[in-house]
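Topology and contacts: notes
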Amino acid sequence: MWGGRLEGGAREVGAGAGAMTRCRLEDARLGILSGGETTVTLTGAGRGGRNAEYLLALAIALDGAPGVHAIACDTDGIDGSEDNAGAIIDPDSLARGRAAGLDCRALLLDNDAYGFFQALGDLVVTGPTLTNVNDFRAIFITAA
């Protein structure tokens, strides 16, 4: 468990999680869990949410690392002001984005992680749950 009260900028936390995960790639079947709420500093005009932004930064940091899958969602079913709770990534997320003509770094700078994951069909949409416990993040290493 990485921690239950993780805070900070979603981009920075996602990049840090990516660096930490890359150091653990030899640990097959490892799960890294964290909770807490990150923040997003709006500098762009895109659509996003802190969980989607965290995941896009994580995907960029992982750069297609094999066997790594992740999910980040808000327990109330709303990631920021959008209709999704969060999103998922897999080792092919960036490659699928490039194949769709997406520039993941430009989208992250524009605070448009929602647009990235919507184009891939990787948003998690639960609808409002009417309860807000925490944000939940899980990174799974499934192969060494």
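Here we summarise the structure given alongside this text. What you see is a predicted model; the values in this text were computed from it and never measured.

Quick notes on the sheet that holds strand β1 (residues 30-35)
Taken in spatial order, the five strands line up as β1-β5-β2-β3-β4 in an open sheet, and their pairing is antiparallel. Of all strands in the sheet, those bounded by a partner on one side alone are β1 and β4 (123-124). Alignment of strand β3 (residues 86-89) against β4, held across two bridges, turns out to be antiparallel. Paired with Ala 87 across the strands is Leu 123, a residue of β4. Along the sheet, helix α2 (residues 50-62) makes contact with β2 (68-74), β3 and β5 (135-141), crossing β2 at roughly 165°.

A few points about α2
With 13 residues, α2 extends 18 Å between its outermost C-alpha atoms, agreeing within 8% with the 18 Å of an ideal straight helix rising 1.5 Å per residue. Counting buried positions over the 13 residues of α2 gives twelve, a clear majority of the element. Of all the residues in α2, the buried ones are Arg 50, Asn 51, Ala 52, Glu 53, Tyr 54, Leu 55, Leu 56, Ala 57, Leu 58, Ala 59, Ile 60 and Leu 62. Among the residues trailing α2, Asp 63 stands out with phi positive, at a value near 50°.

Topic: the packing of helix α1 (residues 10-22) against α2
The geometry of α1 relative to α2 is characterised by a closest axis approach of 7 Å and an angle of 40° between their N-to-C directions. Between α1 and α2, the angle falls in the class oblique. Read as a crossing pair, α1 and α2 show a hand that is right-handed. Residue-level inspection shows Ala 10, Arg 11, Val 13, Gly 14, Ala 15, Ala 17, Gly 18, Thr 21 and Arg 22 of α1 in contact with α2, the latter providing Arg 50, Glu 53, Tyr 54, Ala 57, Leu 58, Ala 61 and Leu 62.

Focus: the nonpolar core
Core analysis: the biggest nonpolar cluster contains 33 residues, and Tyr 54, Leu 55, Leu 56, Leu 58 and Phe 117 have the highest contact counts within it. Elements supplying a minimum of two residues to this core: α1, α2, β2, β3, α4 (104-109), α5 (113-120) and β5. In terms of residue count, α2 provides more of this core than any other element does, nine residues in total.

Thoughts on the environment of Ala 95
Along the chain, Ala 95 falls in helix α3 (residues 93-99). Here Ala 95 falls in the partly exposed class, since its relative accessible area comes to 40%. Considered as a pair, Ala 95 and Asp 63 are 32 residues apart in the sequence and their alpha carbons are 9.0 Å apart.

Some thoughts on unusual backbone geometry
Of note in this structure, Asp 63 is not a glycine but carries a positive phi near 50°. Note on placement: Asp 63 falls in the loop between α2 and β2. You will see that Leu 130, though not glycine, has its phi angle at about 65°, which is positive. Relative to the assigned elements, Leu 130 resides in the loop between β4 and β5. Relative accessible area serves as the criterion here: at 82%, Leu 130 is assigned to the exposed category.

Rules of the game
- Residues numbered from 1 in each chain as written.
- Predicted model: local features only at pLDDT ≥ 70, side-chain atom pairs only at ≥ 80, totals over all residues.
- Heavy atoms only, no water.
- Pairing = 2+ DSSP bridges.
- Helix = DSSP H or I, 4+ residues; strand = E, 2+ residues; numbered from the N terminus.
- Contact = heavy atoms within 4.5 Å.
- Axes fitted to C-alpha atoms, helices over the stretch in contact; angles between N-to-C directions.
- Expected span 1.5 Å × (residues − 1).
- Buried < 20%, exposed > 50% of the residue type's maximum accessible area, 1.4 Å probe, protein only.
- Parallel < 35°, antiparallel > 145°, perpendicular 65-115°, else oblique.
- Left-handed = near helix turned anticlockwise from the far one by under 90°.
- Core = buried A, V, L, I, M, F, W, Y, C linked by side-chain atoms within 4.5 Å.

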